[in-house]
Amino acid sequence: MPKQKSDLPIGVTDDGHFNHLPMPIRQARADEFWGGVPFDRAAEYRQITNPKQIPGYPHGYHASCYIFWMANGAWLVIPPTKWSLTDNQEVKYDEPPLFYWIGCDHDDASCRNLSRCYNEYTCKLCGYKWRIDSSD
Ligand SMILES: [Zn+2]
């Protein structure tokens, strides 16, 4: 968990503290997670006590999750909790793992030209700015 507000990743407005969800949150596809998660990072384990805020979470009880904090947001993963045994005594999960992106997708940005092919973009949702030199 980030230690203070200024340590929050870009686009994350609330770290959720202790037993709550970081915000903003949206459900993500598994391939987004596997394509974006840094495997050199330790995950924070957290039990979310306000599960109604989790999009698509099917249970009313608390959610055990893992959070991978990154510079531009965080990935949140909820492993399946319901399982059964097959006739061969193998564990079969009865629900899929759930994946979430915490932070902003910077989908809606305005563009300001700085010079020739050098542009500055500003996310209209969170205010994050980045510059791209398209002549490269
Ligand atoms: Zn943004």
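Numbering of residues starts from 1 in each chain and follows the order in which that chain's sequence is written. The predicted nature of this model means local features are confined to residues of pLDDT at least 70 and side-chain atom pairs, given and counted, to a pLDDT of 80 or more, with totals for whole chains, interfaces and linings taken over all residues.

A.B. asks: Is there a simple way to explain the sheet that holds strand S3 (residues 63-70) in this structure?
C.D. replies: Two pairing modes exist for strands in a sheet, parallel and antiparallel, and in both the strands are linked by backbone hydrogen bonds. Pairing is antiparallel across the open sheet formed by five strands, whose spatial order is S1-S7-S4-S3-S2. Strands with a single pairing partner mark the edges of an open sheet, and in this sheet they are strand S1 (25-28) and strand S2 (44-48). Averaged over all neighbouring strand pairs, the angle between strand axes comes to 30 degrees, with direction disregarded. Two strands pair under a simple rule: DSSP has to find at least two bridges between them. In this description a helix means any DSSP run of H or I spanning at least four residues, a strand means any run of E spanning at least two, and both kinds are numbered starting from the N terminus. Pairing of S2 with S3, which is carried by five bridges, proceeds in the antiparallel orientation. Bridged to glutamine 47 within S3 is serine 64. Axis lines are fitted through C-alpha atoms, for helices just across the contact stretch, and the angle between N-to-C directions can take any value from 0 to 180 degrees.

A.B. asks: How should I be thinking about the environment of valine 12 in this particular structure?
C.D. replies: Mapped onto the elements, valine 12 comes out in the segment before S1. Judged by local crowding, valine 12 falls into the buried class, with 24 C-beta atoms found within 10 Å. The sequence separation of valine 12 and histidine 59 amounts to 47 residues, and the corresponding C-alpha distance is 25 Å. Other than its neighbours up to four places away in sequence, valine 12 contacts Pro22, Gly73, Ala74, Ile102 and Gly103. Whether a residue is buried, exposed or partly exposed follows from its count of other C-beta atoms within 10 Å of its own C-beta, namely 20 or more, 12 or fewer, or something in between, respectively; the C-beta atoms are built from the backbone. Working definition of a contact: two residues with C-beta atoms, positioned from the backbone, lying within 7 Å.

A.B. asks: Please explain the domain arrangement of the protein chain as it appears in this structure.
C.D. replies: How large an interface is tends to be reported as the accessible area lost when its parts come together. Segmenting the protein chain into domains produces domain 1 (5-102) and domain 2 (106-136). With centres defined by C-alpha atoms, the gap from domain 1 to domain 2 works out at 30 Å. The split of the chain into domains comes from an automatic or database domain assignment.

A.B. asks: Explanation requested: the nonpolar core in the structure shown.
C.D. replies: Nonpolar side chains tend to gather and get buried jointly when the protein is soluble and globular. To define a nonpolar core, we join buried Ala, Val, Leu, Ile, Met, Phe, Trp, Tyr and Cys residues through C-beta atoms within 7 Å and take the resulting set. Of all hydrophobic cores here, the largest spans 18 residues; its most connected members are Cys65, Ala74, Leu76, Tyr100 and Ile102. Mapped onto this core, the elements with two or more residues apiece are S3, strand S4 (73-78) and strand S7 (98-102). Among the elements that take part in this core, S7 stands out by supplying five residues, more than any other. Residues contacting leucine 76, with those up to four places away along its chain left out, are Ile25, Cys65, Ile67, Tyr100 and Ile102.

A.B. asks: Would you mind showing me how to read the sheet that holds strand S9 (residues 118-123) here?
C.D. replies: Ordered in space as S8-S9-S10, the three strands form an open sheet in which the pairing is antiparallel. Of all strands in the sheet, those bounded by a partner on one side alone are strand S8 (109-115) and strand S10 (129-133). Adjacent strand axes in the sheet meet at a mean angle of 25 degrees when their direction is disregarded. Bridging between S8 and S9 involves six bridges; their strand directions are antiparallel. Among the inter-strand pairings, asparagine 113 is bridged to a residue of S9, identified as asparagine 119.

A.B. asks: What is the right way to look at the environment of methionine 23 in this model?
C.D. replies: Following the sequence through the fold, methionine 23 ends up in the segment before S1. Along the primary structure methionine 23 and valine 91 are separated by 68 residues, whereas in three dimensions their C-alpha atoms are 34 Å apart. Non-local contacts of methionine 23, meaning those with residues more than four positions away in its chain, are made with Thr13, Asp14 and Gly16.

A.B. asks: How do you make sense of unusual backbone geometry when you look at a structure like this?
C.D. replies: Negative phi values dominate among residues other than glycine, just as trans dominates among peptide bonds. With an omega of -5 degrees, the peptide bond running from methionine 23 to proline 24 counts as cis. Positive phi outside glycine occurs at histidine 106, with the angle close to 50 degrees. Residue arginine 116 is not a glycine yet carries a positive backbone phi of 35 degrees. Along the polypeptide, arginine 116 turns up in the loop between S8 and S9. What makes arginine 116 exposed here is the crowd of 9 C-beta atoms within 10 Å.

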